[in-house]
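Residue strings, one per chain:
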Amino acid sequence: MSPHDYDFLCKLLKDQSGLALAGDKQYLVESRLLPLARKAGIASLGELVAKLKAGGDRLAVEVVHAMTTNESFFFRDKIPFDHFRDTIMPALLQARAAERRIRIWCAAASTGQEPYSLAICLKEMKEKIADWRIEIIGTDLSTAVLEKAKEGLYTQFEVQRGLPIQLLVKYFAQLGEMWKIAADIRAMVQYRPLNLLSDFSYLGSFDLVFCRNVLIYFDQDTKVDVLSRLARVTAPRGYLVLGAAETVVGLSDAFKPVPDRRGLYAPAAPASSPGLAARLAAMAPRAATLVGAK
C-alpha cells in the first residue's frame, strides 16, 4: 500500500467514523482490509482505494466496519457495573421517584454484551423497580454487530468472558454449542444504528449514558465535540460512564468526576447564584420528565 493510499484511507476513516489512526498503523489497516478486498474480489489495497475514490459508497461502509473495533464481553471491567448497582441506580431511584422512569443509552453497544449486562443487573433488582419504566437503547455504527446483538446468540467463548456461571444458567438457554439470552432480557433493549459523529439529539434525554472505550479512538477535537453533545442529552442529576483509559479532564467542563468512582461522571452544576441553584435543584425531577418525554 502506497503512502498516498494510506493517507486516503486514514482520511476516509476519520471523516466517516472519527477513527484517528497514527502514522504507524499501516500494518493494522493491511491486516483488516486485505481479507475484505479478497472477499470482494479485489486484487490489492491499491485497487480497493481506486474503487473507493470512484465512489464506492457501499464499499466505504464495509471498510469502516472492518476497521472499527467491536471488542465486547459481558460485565466488561466489572467496576462500571458495580457503580451501576451500588451508586447509579440507588441515586436515580431517589432522583426519579416522581416520574418512575429511567432512560439508559449504551452509545457503543457492539454485539450487545454491555446493554444485556445492564439488563441483567436490572433483573437482579426487580423488586426495587417493579413499577418503573426503564428503557435501554443500544447504538452502534455497524449494523452487522447490531443484528448479532438483537439475536442474542453467543458462543461458549463469548459467554465465558466475564459472565458468572450462575447468571449464565439463569438467563441463557443452551442451543447446541451456542447460548441464547432469554427473551425477556432481549426485550429490555432497543437497538438502533448510529454514528456518534452525527446528530443524536433526536434520541432524547438520558439519565445514564455508557460511552466506554470509544473516545480513545478519536482525536482531541472530536472528543471535545462528542462530549459537548453528550452533555446536552444527559439529564440533570444523571450520569456518564467512560472507559478506564478515558476522561473528561481537559476536554469538557460540562461533566465532573464522581469522587472515588473511577470512570463515573455527573453533569457539572451551572454557575449561578445560591438562590437560583436551589430553585434549579428543586425543579430537576420535573425538568428531567419534560426533556425525557418523546
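Now for a quick tour of the structure. Predicted model only: the values in this text are computed from it and were never measured.

Moving on, we get to helix 11 (residues 220-233). In this model, helix 11 (14 residues) spans 21 Å end to end at C-alpha, consistent with the 20 Å of a helix rising 1.5 Å per residue. Among the structural elements, helix 1 (3-17), strand 1 (101-106), strand 7 (206-210), strand 8 (234-241) and strand 9 (255-257) are those in contact with the buried residues of helix 11.

This brings us to the pattern of salt bridges. Pairs can form between side chains of opposite charge whenever their charged atoms are close. Scanning all chains against the criterion turns up 18 salt bridges. Salt-bridge contacts for Asp 207 lead to Arg 96; the nearest nitrogen and oxygen are separated by 2.5 Å. Separated by 111 residues along the polypeptide, Asp 207 in strand 7 and Arg 96 in the loop between helix 5 (79-95) and strand 1 bring together distant segments of the chain. Across the pair, exposure class does not vary: Asp 207 and Arg 96 are buried alike. A salt bridge links Arg 229 to Asp 225; its shortest N-O distance comes to 3.0 Å. A residue pair is termed a helical-turn pair when its members lie 3 or 4 positions apart in one helix, as Arg 229 and Asp 225 do in helix 11 at 4 residues. Its relative accessible area of 36% is what places Asp 225 among the partly exposed residues.

Attention shifts here to the sheet that holds strand 8. The strand order across the open sheet built from 7 strands is 6-2-1-7-8-10-9, with neighbouring strands paired in mixed fashion. The open sheet terminates on both sides in strands that have one partner only, identified here as strand 6 (189-193) and strand 9. When strand polarity is set aside, the average angle formed by the axes of neighbouring strands in this sheet is 25 degrees. Contacts from helix 7 (residues 143-151) reach strand 2 (133-140) and strand 6 within the one sheet, and its direction differs from that of strand 6 by about 165 degrees.

It is worth spelling out the packing of helix 1 against helix 3 (residues 45-53) at this point. Between helix 1 and helix 3, whose axes approach to 10 Å, the crossing angle comes to 50 degrees. Relative to helix 3, the element helix 1 is oriented oblique. Relative to helix 3, helix 1 is oriented so that their crossing is left-handed. When helix 1 is examined against helix 3, the residues Asp 5, Phe 8, Leu 9 and Leu 12 are found in contact with a partner set consisting of Gly 46, Val 49, Leu 52 and Lys 53. Its residues placed into classes, the contact of helix 1 with helix 3 shows 5 nonpolar, 1 polar and 2 charged.

Here we come to the pairing of strand 7. Side chains on a regular strand alternate between the two faces of the sheet. Across the 5 residues of strand 7, 5 count as buried, placing the element largely inside the fold. Judged from the 3 bridges that link them, strand 1 and strand 7 form a sheet pairing that is parallel. The residue of strand 7 that forms the bridge with Cys 106 is Phe 210. As paired strands, strand 7 and strand 8 are joined by 4 bridges and run parallel to one another. The residue bridging Phe 206 from the neighbouring strand is Thr 234, located in strand 8. The parallel pair strand 7 and strand 8 is bridged by helix 11, and the resulting crossover is right-handed.

The rules behind each value
Residues numbered from 1 in each chain as written. Predicted model: local features only at pLDDT ≥ 70, side-chain atom pairs only at ≥ 80, totals over all residues. Heavy atoms only, no water. Helix = DSSP H or I, 4+ residues; strand = E, 2+ residues; numbered from the N terminus. Expected span 1.5 Å × (residues − 1). Contact = heavy atoms within 4.5 Å. Salt bridge = Lys/Arg side-chain N within 4 Å of Asp/Glu carboxyl O. Buried < 20%, exposed > 50% of the residue type's maximum accessible area, 1.4 Å probe, protein only. Pairing = 2+ DSSP bridges. Axes fitted to C-alpha atoms, helices over the stretch in contact; angles between N-to-C directions. Parallel < 35°, antiparallel > 145°, perpendicular 65-115°, else oblique. Left-handed = near helix turned anticlockwise from the far one by under 90°. Nonpolar A, V, L, I, M, F, W, Y, C, P; charged D, E, K, R; others polar. Right-handed = clockwise from strand over helix to strand, strands pointing away.

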